[in-house]
Amino acid sequence: MKEKIKDLLKEKNAILLAHNYEPPEIQDMADLCGDSLELSIRASRTDAAVIVFCGVHFMAETASILCPDKTVLLPRREAGCEMADMITAEALREKIDQLPPMPVVTYVNSPADVKALSTVCCTSANVVKVAQSLDADEMLMIPDRNLARYAASQTDKKIHLWDGYCPFHDRLTPQEVLAARKAHPEAVFMAHPECRPEILEMADIVTSTSGMIRHAAESTDEEFIVGTEVGILHPIGKANPGKRFYPASEKMLCPDMKRISLDDVVRSLEEMSGEVKVPETIRVPALAAVERMIAIV
Ligand code: 13P
Ligand code: SF4
């Protein structure tokens, strides 16, 4: 199967990008495995004709926004993001009409037509930098209320929230963190900014998925409790042999990140199926918001 995928990638002049939460066998086949920011930057810079995106729909859409001349394949088109589904362009338009004029900062975990109405995008890796870069004291940050509260806590900006959240990060409780700390008293607790504010207050480090992998590699600490989706245990363990990683909660599992199998990758490449293409009327304004973010990083 792996040989077949390698041959198909070569034949179709394709690269395979995988998110840090994807199943291990998918990550191990990828040209790049990373967080949302790294994957979009890599998509924007490739000269391959085809991008096979092993992640969720908004990630493939972002690649399509950045690379209109390339074919972007999402091997299982139904792989979505529950947070991205908590906002629509129509609902955002209503909210914008209710507020005084202010920038709209949009987490990449959002639909393309929502990005098209935005001033700038952000990811978990650069949210504070993006908020700080804006020449405005007030902004609307969508759709993740936890990420927005985190950005507000790290800046002196007034941030208006949208009531969206990731069900798998939002469910981590202080009791689970305390239990993990009790079981592993020497471990450093790293949390993703999609977790609730009370969890982020307990964390030693708050960062993106790749930020966690890098922090573990650079740190002299040996043990880490990981407060994000459990798929991260594969790349973080692989990049840090000899160190120990414990999930903050086994319940932090995103089913959409587990949809794509090696079979799906083969089928998608053979049939060139699962194409994600953002229409030009949405792509052009969405690109402005994504490019503004990439220029800030
Ligand atoms: P990262 O950008 O940190 O990889 O996070 C993406 C995501 O979907 C988190 O749930
Ligand atoms: Fe979306 Fe949460 Fe899954 Fe990330 S983990 S893709 S935010 S539902």
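Note that the structure is predicted; figures quoted are calculated from it, not measured. (Residues numbered from 1 in each chain as written. Chains lettered and ligands numbered in written order. Predicted model: local features only at pLDDT ≥ 70, side-chain atom pairs only at ≥ 80, totals over all residues. Heavy atoms only, no water.)

1. Some remarks on the site of ligand 2
So, step 1. Neighbouring residues of ligand 2: Tyr-21, Cys-81, Glu-82, Met-83, Asn-109, Cys-166, Phe-168, Glu-194, Cys-254 and Met-257.
So, step 2. Residues of the shell around ligand 2, tallied by class, amount to seven nonpolar, one polar and two charged. (Near = heavy atom within 4 Å. Nonpolar A, V, L, I, M, F, W, Y, C, P; charged D, E, K, R; others polar.)

2. Here we look at the pattern of salt bridges
So, step 1. The tally for this structure, following the rule as stated, stands at 17 salt bridges.
So, step 2. Put simply, Glu-229 and Lys-258 hold a salt bridge, and the shortest N to O gap is 3.1 Å. Here Glu-229 is found in the loop between strand 11 (223-227) and helix 13 (233-239), whereas its partner Lys-258 is found in the loop between strand 12 (244-247) and helix 14 (262-271), with 29 residues between them in sequence.
So, step 3. A salt bridge links Arg-259 to Asp-256, with the shortest nitrogen-to-oxygen separation between them at 3.1 Å.
So, step 4. A relative accessible area of 30% places Arg-259 in the partly exposed class. (Salt bridge = Lys/Arg side-chain N within 4 Å of Asp/Glu carboxyl O. Helix = DSSP H or I, 4+ residues; strand = E, 2+ residues; numbered from the N terminus. Buried < 20%, exposed > 50% of the residue type's maximum accessible area, 1.4 Å probe, protein only.)

3. Focus: the site of ligand 1
So, step 1. Around ligand 1, the structure places His-19, Tyr-21, Asp-35, Ser-36, Asn-109, Ser-124, His-169, His-192, Glu-194, Ser-208 and Thr-209.
So, step 2. For ligand 1, an oxygen atom lies 2.7 Å from a polar atom in the side chain of Ser-124.
So, step 3. Between an oxygen atom of ligand 1 and a side-chain N or O atom of Thr-209, the distance comes to 2.6 Å.
So, step 4. For ligand 1, whose free accessible area comes to 300 Å², the fraction covered by protein is 95%.
So, step 5. Classifying every residue of the shell around ligand 1 by side-chain character gives one nonpolar, eight polar and two charged. (Polar contact = N/O pair within 3.5 Å; in protein donor to acceptor, adjacent residues only side chain to side chain. Areas by Shrake-Rupley, 256 points an atom, 1.4 Å probe, with all protein chains shown as cover.)

4. Quick look at the sheet that holds strand 2 (residues 32-34)
So, step 1. If you trace the four strands from one edge of the open sheet to the other, you get 2-1-3-4, paired in parallel fashion. Edge positions in the open sheet fall to strand 2 and strand 4 (71-73), since each of these has one partner strand only. When strand polarity is set aside, the average angle formed by the axes of neighbouring strands in this sheet is 20°.
So, step 2. Across the face of the sheet, helix 14 comes into contact with strand 1 (14-19), strand 3 (50-54) and strand 4 while running at roughly 155° to strand 3. (Pairing = 2+ DSSP bridges. Axes fitted to C-alpha atoms, helices over the stretch in contact; angles between N-to-C directions. Contact = heavy atoms within 4.5 Å.)

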